[in-house]
Amino acid sequence: GSPDGTRGFDLLHQHLTRDRGYRSRPAFLARSRGGLMAYGWAAAHPDLVAGVGGIYPVCDLRSYPGLERAAPAFDLTPEELSGRLAEFNPVDRLTALAAAGIPILHLHGDQDRTVPLGANSAEVARRYLELGGPMTLRVFEDRGHDMWEGWFRSAELTDFLIDRAVAEAATPAGEAPPP
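Being a predicted model, the structure only gives us computed values, none of them experimental.

Points about the pairing of strand E3 (residues 104–109)
Counting buried positions along E3 yields six of six residues, so the element is predominantly enclosed. Burial of E3 is two-sided: the residues Ile104, His106 and His108 facing one way and the residues Leu105, Leu107 and Gly109 facing the other way are all buried. Pairing analysis gives six bridges linking E3 to strand E4 (residues 135–140), with the strands arranged parallel. Pairing of Gly109 across the sheet is with Phe140, part of E4. Tracing the backbone out of E3, into helix H7 (residues 121–130) and back to the parallel element E4 gives a crossover that is right-handed.

A look at unusual backbone geometry
Along the chain, Tyr64 connects to Pro65 via a cis peptide bond; the corresponding omega equals 0°. Positionally, Pro65 belongs in the loop between strand E2 (51–55) and helix H3 (67–70). Even without glycine at this site, Asp142 takes up a positive phi of about 60°. Position of Asp142 among the secondary structure elements: in the loop between E4 and helix H8 (149–152).

Points about the pattern of salt bridges
With the rule as written, the count across this model stands at ten salt bridges. In this structure, the salt-bridge partner of Asp19 is Arg18, at a minimum N-O distance of 3.1 Å. For Asp19, a relative accessible area of 46% puts it in the partly exposed group. A salt bridge links Glu87 to Arg84; its shortest N-O distance comes to 2.8 Å.

Quick word on helix H1 (residues 3–19)
With 17 residues, H1 extends 23 Å from end C-alpha to end C-alpha; this agrees with the ideal 24 Å at 1.5 Å per step. Just downstream of H1 lies Gly21, where phi reads positive at about 80°.

Conventions we followed
- Residues numbered from 1 in each chain as written.
- Predicted model: local features only at pLDDT ≥ 70, side-chain atom pairs only at ≥ 80, totals over all residues.
- Heavy atoms only, no water.
- Buried < 20%, exposed > 50% of the residue type's maximum accessible area, 1.4 Å probe, protein only.
- Helix = DSSP H or I, 4+ residues; strand = E, 2+ residues; numbered from the N terminus.
- Pairing = 2+ DSSP bridges.
- Right-handed = clockwise from strand over helix to strand, strands pointing away.
- Salt bridge = Lys/Arg side-chain N within 4 Å of Asp/Glu carboxyl O.
- Expected span 1.5 Å × (residues − 1).

Functional significance is not addressed by these values, which are geometric in nature.
In C-alpha coordinates:
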(Lines give C-alpha, C1' and ligand atoms only; values in the text may rest on other atoms or scores of the structure.)
Protein backbone atom coordinates (compact mmCIF):
# COMPACT_ATOMS: atom_id res chain seq x y z
CA GLY A 1 0.00 0.00 0.00
CA SER A 2 2.98 2.34 -0.17
CA PRO A 3 3.24 4.92 -2.96
CA ASP A 4 5.78 2.71 -4.79
CA GLY A 5 3.51 -0.32 -4.46
CA THR A 6 0.52 1.68 -5.64
CA ARG A 7 2.45 2.85 -8.70
CA GLY A 8 3.27 -0.76 -9.47
CA PHE A 9 -0.39 -1.63 -9.20
CA ASP A 10 -1.21 1.28 -11.53
CA LEU A 11 1.05 -0.34 -14.13
CA LEU A 12 -0.55 -3.74 -13.58
CA HIS A 13 -4.03 -2.23 -13.97
CA GLN A 14 -2.97 -0.50 -17.20
CA HIS A 15 -1.51 -3.73 -18.56
CA LEU A 16 -4.56 -5.81 -17.68
CA THR A 17 -7.07 -3.31 -19.04
CA ARG A 18 -5.24 -1.89 -22.05
CA ASP A 19 -3.20 -4.87 -23.19
CA ARG A 20 -5.28 -7.80 -21.97
CA GLY A 21 -8.79 -6.41 -22.38
CA TYR A 22 -9.96 -6.81 -18.80
CA ARG A 23 -12.69 -4.52 -17.45
CA SER A 24 -11.41 -1.37 -15.78
CA ARG A 25 -13.16 -1.89 -12.42
CA PRO A 26 -11.88 -5.02 -10.64
CA ALA A 27 -13.41 -6.65 -7.63
CA PHE A 28 -10.57 -7.15 -5.15
CA LEU A 29 -9.87 -10.07 -2.87
CA ALA A 30 -7.68 -8.72 -0.10
CA ARG A 31 -6.16 -11.42 2.10
CA SER A 32 -4.02 -10.62 5.11
CA ARG A 33 -1.26 -8.13 4.25
CA GLY A 34 -2.78 -7.85 0.76
CA GLY A 35 -5.34 -5.58 2.40
CA LEU A 36 -2.71 -2.84 2.47
CA MET A 37 -2.24 -2.96 -1.31
CA ALA A 38 -5.90 -3.45 -2.18
CA TYR A 39 -7.09 -0.61 0.01
CA GLY A 40 -4.13 1.61 -0.83
CA TRP A 41 -4.92 1.39 -4.53
CA ALA A 42 -8.71 1.41 -4.10
CA ALA A 43 -8.63 4.55 -1.94
CA ALA A 44 -6.62 6.32 -4.64
CA HIS A 45 -8.92 5.06 -7.43
CA PRO A 46 -12.47 4.57 -6.09
CA ASP A 47 -13.82 5.11 -9.60
CA LEU A 48 -11.94 1.97 -10.70
CA VAL A 49 -13.18 -0.45 -8.01
CA ALA A 50 -16.25 -2.68 -8.26
CA GLY A 51 -15.98 -4.10 -4.73
CA VAL A 52 -13.59 -5.32 -2.03
CA GLY A 53 -13.78 -8.74 -0.45
CA GLY A 54 -11.42 -9.60 2.37
CA ILE A 55 -10.13 -12.53 4.35
CA TYR A 56 -8.67 -11.10 7.55
CA PRO A 57 -7.19 -8.12 5.65
CA VAL A 58 -4.71 -5.76 7.24
CA CYS A 59 -6.37 -2.36 7.40
CA ASP A 60 -4.36 -0.62 10.12
CA LEU A 61 -0.58 -0.35 9.81
CA ARG A 62 -0.30 0.15 13.57
CA SER A 63 -1.71 -3.31 14.31
CA TYR A 64 0.26 -5.13 11.62
CA PRO A 65 3.02 -4.99 10.57
CA GLY A 66 3.51 -2.11 13.03
CA LEU A 67 4.94 1.30 12.21
CA GLU A 68 8.55 0.21 12.84
CA ARG A 69 8.31 -2.53 10.20
CA ALA A 70 6.06 -0.62 7.79
CA ALA A 71 7.94 2.69 7.71
CA PRO A 72 10.78 1.59 5.36
CA ALA A 73 8.26 0.65 2.66
CA PHE A 74 7.09 4.26 2.73
CA ASP A 75 10.63 5.68 2.86
CA LEU A 76 9.72 7.25 6.20
CA THR A 77 10.75 6.90 9.81
CA PRO A 78 8.17 5.36 12.14
CA GLU A 79 7.54 8.81 13.59
CA GLU A 80 6.99 10.32 10.13
CA LEU A 81 4.66 7.48 9.16
CA SER A 82 2.73 7.97 12.40
CA GLY A 83 2.23 11.62 11.50
CA ARG A 84 1.02 10.71 8.01
CA LEU A 85 -1.28 7.77 8.76
CA ALA A 86 -4.30 9.61 7.35
CA GLU A 87 -2.49 9.62 4.01
CA PHE A 88 -1.51 5.92 3.95
CA ASN A 89 -3.47 3.86 6.48
CA PRO A 90 -6.42 1.98 4.92
CA VAL A 91 -8.69 2.41 7.92
CA ASP A 92 -8.15 6.17 7.64
CA ARG A 93 -8.82 6.34 3.88
CA LEU A 94 -12.39 5.08 3.54
CA THR A 95 -14.21 8.31 2.73
CA ALA A 96 -13.79 8.19 -1.07
CA LEU A 97 -14.78 4.52 -1.20
CA ALA A 98 -17.91 5.15 0.87
CA ALA A 99 -18.82 8.19 -1.25
CA ALA A 100 -18.54 6.01 -4.35
CA GLY A 101 -20.73 3.33 -2.73
CA ILE A 102 -18.13 0.58 -3.13
CA PRO A 103 -19.48 -2.60 -1.48
CA ILE A 104 -17.18 -4.38 1.00
CA LEU A 105 -17.39 -7.86 2.53
CA HIS A 106 -14.84 -9.04 5.11
CA LEU A 107 -14.44 -12.44 6.74
CA HIS A 108 -12.43 -12.32 9.96
CA GLY A 109 -11.83 -14.60 12.94
CA ASP A 110 -12.44 -13.48 16.49
CA GLN A 111 -9.18 -15.11 17.62
CA ASP A 112 -6.86 -13.53 15.04
CA ARG A 113 -3.71 -12.50 16.90
CA THR A 114 -1.74 -11.55 13.78
CA VAL A 115 -4.28 -9.12 12.29
CA PRO A 116 -6.58 -8.35 15.21
CA LEU A 117 -10.26 -8.15 14.32
CA GLY A 118 -10.95 -5.03 16.40
CA ALA A 119 -8.27 -2.82 14.87
CA ASN A 120 -8.84 -4.04 11.32
CA SER A 121 -12.09 -5.42 9.90
CA ALA A 122 -14.27 -4.35 12.83
CA GLU A 123 -12.87 -0.82 12.73
CA VAL A 124 -13.31 -0.64 8.95
CA ALA A 125 -16.91 -1.78 9.37
CA ARG A 126 -17.60 0.78 12.09
CA ARG A 127 -16.11 3.67 10.14
CA TYR A 128 -17.41 2.60 6.71
CA LEU A 129 -20.98 2.19 7.90
CA GLU A 130 -20.74 5.52 9.71
CA LEU A 131 -19.68 7.09 6.38
CA GLY A 132 -22.71 5.50 4.70
CA GLY A 133 -20.77 2.85 2.78
CA PRO A 134 -22.21 -0.63 2.21
CA MET A 135 -20.29 -3.24 4.20
CA THR A 136 -20.83 -6.67 5.63
CA LEU A 137 -18.50 -8.17 8.24
CA ARG A 138 -18.72 -11.88 9.00
CA VAL A 139 -16.93 -12.84 12.21
CA PHE A 140 -16.06 -16.50 12.70
CA GLU A 141 -15.83 -17.75 16.28
CA ASP A 142 -12.66 -19.49 17.40
CA ARG A 143 -10.87 -18.76 14.12
CA GLY A 144 -7.51 -17.06 13.89
CA HIS A 145 -5.10 -16.07 11.15
CA ASP A 146 -4.95 -19.53 9.64
CA MET A 147 -5.45 -21.59 6.52
CA TRP A 148 -8.90 -22.89 7.50
CA GLU A 149 -10.64 -23.97 4.31
CA GLY A 150 -13.78 -22.07 5.32
CA TRP A 151 -12.05 -18.81 4.38
CA PHE A 152 -11.31 -20.05 0.89
CA ARG A 153 -14.54 -21.95 0.30
CA SER A 154 -16.92 -19.27 1.48
CA ALA A 155 -19.89 -19.25 -0.88
CA GLU A 156 -20.82 -15.80 0.42
CA LEU A 157 -17.41 -14.35 -0.45
CA THR A 158 -17.28 -16.11 -3.82
CA ASP A 159 -20.79 -14.97 -4.71
CA PHE A 160 -19.98 -11.42 -3.59
CA LEU A 161 -16.90 -11.21 -5.84
CA ILE A 162 -18.72 -12.77 -8.80
CA ASP A 163 -21.72 -10.47 -8.30
CA ARG A 164 -19.42 -7.43 -8.23
CA ALA A 165 -17.63 -8.58 -11.38
CA VAL A 166 -20.92 -9.33 -13.16
CA ALA A 167 -22.40 -5.97 -12.10
CA GLU A 168 -19.29 -4.27 -13.52
CA ALA A 169 -19.48 -6.23 -16.77
CA ALA A 170 -23.16 -5.29 -17.22
CA THR A 171 -22.60 -1.61 -16.54
CA PRO A 172 -22.21 0.81 -19.46
CA ALA A 173 -18.78 2.43 -19.73
CA GLY A 174 -18.43 5.50 -17.55
CA GLU A 175 -21.14 4.50 -15.07
CA ALA A 176 -20.73 2.92 -11.65
CA PRO A 177 -22.29 -0.50 -11.13
CA PRO A 178 -25.11 -0.75 -8.61
CA PRO A 179 -24.05 -1.56 -5.02
